[in-house]
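# Fold and contact review
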Amino acid sequence: MGKRARAAVLLAAVVLFPIAVRNPYVLHLLILSMLWIVLGQSWNLLGGYTGQISYGHAAFFGVGAYTSAIMVKSGMSPAAAWSGLALGGVAAALVGLVIGWICFRLRGPYFSLSVLALAEVLRLTAVNWKSVTNGAEGILYIPAFTSKAAYYWIILALVAVNFLVIRAVMASKPGSYFLAIREDQDCAESLGIDTTRYKLLSLLLSAFFTGSAGAFYMNYMGFIDPGIVFSIADISIMMILVTMLGGAATRWGPAVGAVVYILVSELFRVWVGSGHILFFGILIIVIIIFFPQGIVGTLGAWRERRRRRASAGQQATKEAA
Amino acid sequence: MSPQVAGQIELLGQVLISGILLGGLYALIGLGMSLIMGVMKIINLAHGELMMVAMYMTYWAFTLLHVDPYVSLLMVCPAMFLFGLAIQRYLITPVMDAESVLPQNQVLLTVGLGLVLSNLALLLFTANYRSVPVSYASKTIYWDIKLGGQTISLSFSYPFLVAFGIAVALGALLFLFLGMTDTGRMIRATAQDKRAAALMGVNTRRITAITFGIGAALVGAAGALLDPVYYLYPQIGGPFTNKAFVITILGGLGNIPGAVLGGLVLGLAESLGSVYISLGYKDAFGFIIFVLVLIFLPRGLLGKGRA
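None of these values were measured; they are calculated from a predicted model.

## Structural notes on the overall build of chain B
Broken down by element type, chain B carries eleven helices and two strands. Written out in order from the N terminus, the α and β elements of chain B read α-α-α-α-β-β-α-α-α-α-α-α-α. On C-alpha atoms alone, chain B measures out to a radius of gyration of 20 Å, which is about the 19 Å that the 2.2 N^0.38 rule sets for 307 residues. Dimensions of chain B, computed from C-alpha atoms along their principal axes, come out at roughly 70 × 50 × 35 Å. Every one of the 307 residues in chain B was classed for burial, and the buried ones make up 51%.

Next comes the structure, spelled out in structure tokens:
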């Protein structure tokens, strides 16, 4: 079988999976994994490829979730809630536009810290603006579908769109500009790249998909409150962890990281009960000190080294002959 | 003057006083952050969590050994200094040498460290709110002023006043230390230009570790001083980390006198905002000022920081 045929079979298997396996628990884990793949990939676009580290992506996640939730609360049909996938993304991108416009003209940690502050301000707003957000009580919503399969396909589509858009962007000129900005901003600027504009573009895409994922979360879980969707520890930092665990600035890293993250947190939930955040905190430290390239990056480097050693060995035998 | 006007003046005076007293503690937190920022060029996102550790030390010293929080400063500060030294030496230094695509590796490390500290405290001490029930917790000193036939009575919380005094003393000590001692000069030299300092024979690794230790000791002192007037719980660090970086940006990155000003401004903003605008948004006012400073004065209030 050729590479294309293999990919087609794999894709068909992934799409048809919920028809073959109806176990809701398995589907739930897969849906969560795919949600985190979107979050990891979105963070990776801005943080990994463009080098603009965000400690507050929960801001965009929460804006997306609340956009969708407020539409439901104001009595719109479930179909309208689903349009939150697009509108939530747009709302998050608009928030990103404002914060990016303010911060990207500056260098240094300003952007990273501003997003962190933004997430906190939005959380406080969601707690205090009771007439719109229900405050700390949160917003409850009866999910539209009873079967998990529907959610599986929706989030699968979101993962696919997210993956293809990022791949297309990274294969085009803006993608190269992103890398150039990450590697050396002065150099990028001296080559005529409008660094502020391209940092903003990267942020807009990243915020859009994060907001869209937030809207999906709202529709799937049927409940949000400010502490959940604007959480620093559970959303903002875990998005960084997922990306770094899999491998920042790699194509498949966030996906690998997301699956491992969901499996590990599920194991913790079932067997230990609590302490999973403590474990992930330690994991972040271990990754940064020992495996800064993550799973995919470390495996890639390892394979590269083996290949080079093998080819060096071949050369040596050739020379000997 | 009508009684209403006098009442308004009294309220305003009271708000300003509590803002400045709170600002003194914030300044202490900001000084530690700014010092670390100056020498290491990183924002320490575990700063609030370090304060939380010091608060628990003070709490246990009071509960188990009956040591007054102000006396335990003598123990908490050195302990936090050593803790900071160890973190810098064994966690942050190895990362400086590691290769990575992400530019802010060390900051990410402090994020992980903050998570570990707060969740370890959660595991060990549970999520319960605790307080240090000192006998003078609610003691107040009144100051009556005669103004236009009305008496304006301003109250000063005793523990806040003591905390402010100690914070000022520690700040002054820090300035003397940075200005007069060899180690202080080496710290300033390293902050100014690390490579040049190294060429002049400064052991920059040692200085960096000492700086992180001093930063931890300062925020530890703030924690011990905060204990008699505040609740403590494992997640208290996060909000204070946020305050610390807001102060640092207000003052200009790495600008030490600026950090004092930033602390006072934040204390006043929170105090004024929570009385005159809304208590629910108390923690948001600092961020709003932060964003305004970013737009209009990105080099900080004193205009000397690095933009």
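On we go from here.
## Remarks on the overall build of chain A
Within chain A, the regular secondary structure consists of 15 helices and two strands. Compactness check: chain A gives a C-alpha radius of gyration of 21 Å against a globular reference of 20 Å for 321 residues, within 12% of the reference. Over its C-alpha atoms, taken along the principal directions, chain A stretches across nearly 80 × 55 × 40 Å. Counting across all 321 residues of chain A, residues that qualify as buried make up 47%. Taking the intrachain contacts of chain A between residues at least 6 apart in sequence as the baseline, contacts between residues at least 24 apart amount to 79%.

## A word on the confidence of the model for chain B
Overall, the prediction assigns chain B a mean pLDDT of 87, with 96% of residues at 70 or greater. The complex model carries a pTM of 0.89, and its ipTM stands at 0.84.

## Observations regarding the interface of chain B and chain A
Contacts between the two partners involve 40 residues from chain B and, on the opposite side, 38 residues from chain A. Residue assignment for the side of chain B that touches chain A shows that the elements contributing at least two residues are α3 (69–97), α4 (105–125), α9 (237–251) and α11 (282–296) of chain B. Broken down by element, the side of chain B that touches chain A gets its largest block of residues, eleven residues, from α4 of chain B. Residue composition of the side of chain B that touches chain A, by class: 28 nonpolar, nine polar and three charged.

## Brief notes about unusual backbone geometry
All names here are of chain B. You will see that Lys41, though not glycine, has its phi angle at about 60°, which is positive. Position of Lys41 relative to the elements: it lies in the loop between α1 (3–40) and α2 (47–65). Phi angles above zero are rare outside glycine, and His66 is one such case at about 55°. The residue His66 is located in the loop between α2 and α3 in this model. By the C-beta count within 10 Å, which is 8 here, His66 ends up exposed.

## Describing the packing of α2 of chain B against α4 of chain B
Residues and elements named next belong to chain B. For the pair α2 and α4, interaxial distance at closest approach is 9 Å and the crossing angle is 30°. Taken together, α2 and α4 sit at an angle that is classed as roughly parallel. Here the hand of the crossing between α2 and α4 comes out left-handed. Contact residues: α2 offers Glu49, Met52, Val53 and Tyr56, while α4 offers Gly114, Leu117, Ser118, Ala121 and Phe125. Of the residues in the contact of α2 with α4, the class split is six nonpolar, two polar and one charged.

## Thoughts on the environment of Gln235 of chain B
Residue and element names in this part refer to chain B. The topology assignment puts Gln235 in the loop between α8 (204–226) and α9. On the basis of neighbour count, Gln235 is assigned to the partly exposed category, with 15 C-beta atoms found within 10 Å. Sequence separation between Gln235 and Asn119 is 116 residues, and the spatial gap between their C-alpha atoms is 7.9 Å.

## Quick look at the nonpolar core
Ranked by size, the top nonpolar core spans 194 residues in total, and within it Leu35 and Leu241 of chain A together with Ile29 of chain B carry the most contacts. Excluding residues that lie within four positions of it along the chain, Leu241 of chain A makes contacts with Tyr261, Phe280, Leu283 and Ile284 of chain A.

## Looking at helix α5 (residues 110–128) of chain A
With 19 residues, α5 of chain A ought to run about 27 Å at 1.5 Å a step, and its terminal C-alpha atoms sit 26 Å apart, in line with that. Where burial is concerned, most of α5 of chain A is hidden: 16 out of the 19 residues are buried.

## Considerations on helix α6 (residues 182–192) of chain B
Residue and element names in this part refer to chain B. Looking only at α6, the buried set comprises Met186, Ile187, Thr190 and Ala191. Down the axis, α6 shows its buried residues gathered within 135° of arc, on one side only. In α6, the exposed positions angled more than 90 degrees off the buried face are occupied by Asp182 and Gln192. Close packing links the buried residues of α6 with α1, α5 (158–180), α7 (194–199) and α8.

## Looking at the domain arrangement of chain A
Interfaces are frequently sized by the accessible area removed from exposure as the parts join. We note that the domain assignment places domain 1 (23–290) and domain 2 (296–321) within chain A. Taking the mean C-alpha position of each, domain 1 of chain A and domain 2 of chain A sit 39 Å from one another.

## A closer look at the pairing of strand β2 (residues 150–157) of chain B
Residues and elements named next belong to chain B. Here strand β1 (residues 140–147) runs beside β2; their pairing, made up of eight bridges, is antiparallel. Residue pairing across strands places Asp144 opposite Ser153, the latter belonging to β2. Count of turn residues in the β1/β2 antiparallel hairpin: two residues, of which Gly148 carries a positive phi of about 50°.

Cut-offs applied
Throughout this document, residue positions are counted from 1 along each chain, in the order its sequence is written. Throughout, the order in which chains and ligands are written sets their labels, letters from A for the former and numbers from 1 for the latter. Selection of residues for local features in this predicted model requires a pLDDT of at least 70, selection of side-chain atom pairs for listing and counting requires 80 or more, and totals for whole chains, interfaces and linings are taken over all residues. Numbering of helices and strands starts at the N terminus; helices are DSSP runs of H or I of at least 4 residues and strands are runs of E of at least 2. Taken over C-alpha atoms, the radius of gyration is set against a globule rule of 2.2 Å times the number of residues to the power 0.38. Partly exposed residues are those falling between the two cut-offs: more than 12 but fewer than 20 other C-beta atoms within 10 Å of their own, whereas 20 or more means buried and 12 or fewer means exposed, with C-beta atoms placed from the backbone. C-beta atoms are first placed from the backbone for all residues, and any pair lying within 7 Å is then listed as a contact. Residue-level confidence of the predictor, termed pLDDT, takes values from 0 up to 100. Ten residue types, Ala, Val, Leu, Ile, Met, Phe, Trp, Tyr, Cys and Pro, are classed as nonpolar, four, Asp, Glu, Lys and Arg, as charged, and the remainder, Gly among them, as polar. Only the contacting stretch of a helix is used when fitting its axis, a line to C-alpha atoms as for every element, and angles between N-to-C directions run 0 to 180 degrees. With respect to orientation, any angle under 35 degrees is reported as roughly parallel, any angle over 145 as roughly antiparallel, any angle of 65 to 115 as roughly perpendicular, and every other angle as oblique. Here a crossing is taken to be left-handed if its near helix is turned anticlockwise relative to the far helix by less than a right angle, and right-handed if that turn runs clockwise. In this description, a nonpolar core means buried residues of the types Ala, Val, Leu, Ile, Met, Phe, Trp, Tyr and Cys, linked to one another by C-beta atoms lying within 7 Å. Expected helix span is taken as 1.5 Å per residue step, with the number of steps being one fewer than the number of residues. The directions considered for the arc are those from the helix axis to the C-beta atoms. Where each domain begins and ends is defined by an automated method or by a domain database. A pair of strands is labelled paired if DSSP reports no fewer than 2 bridges between them.

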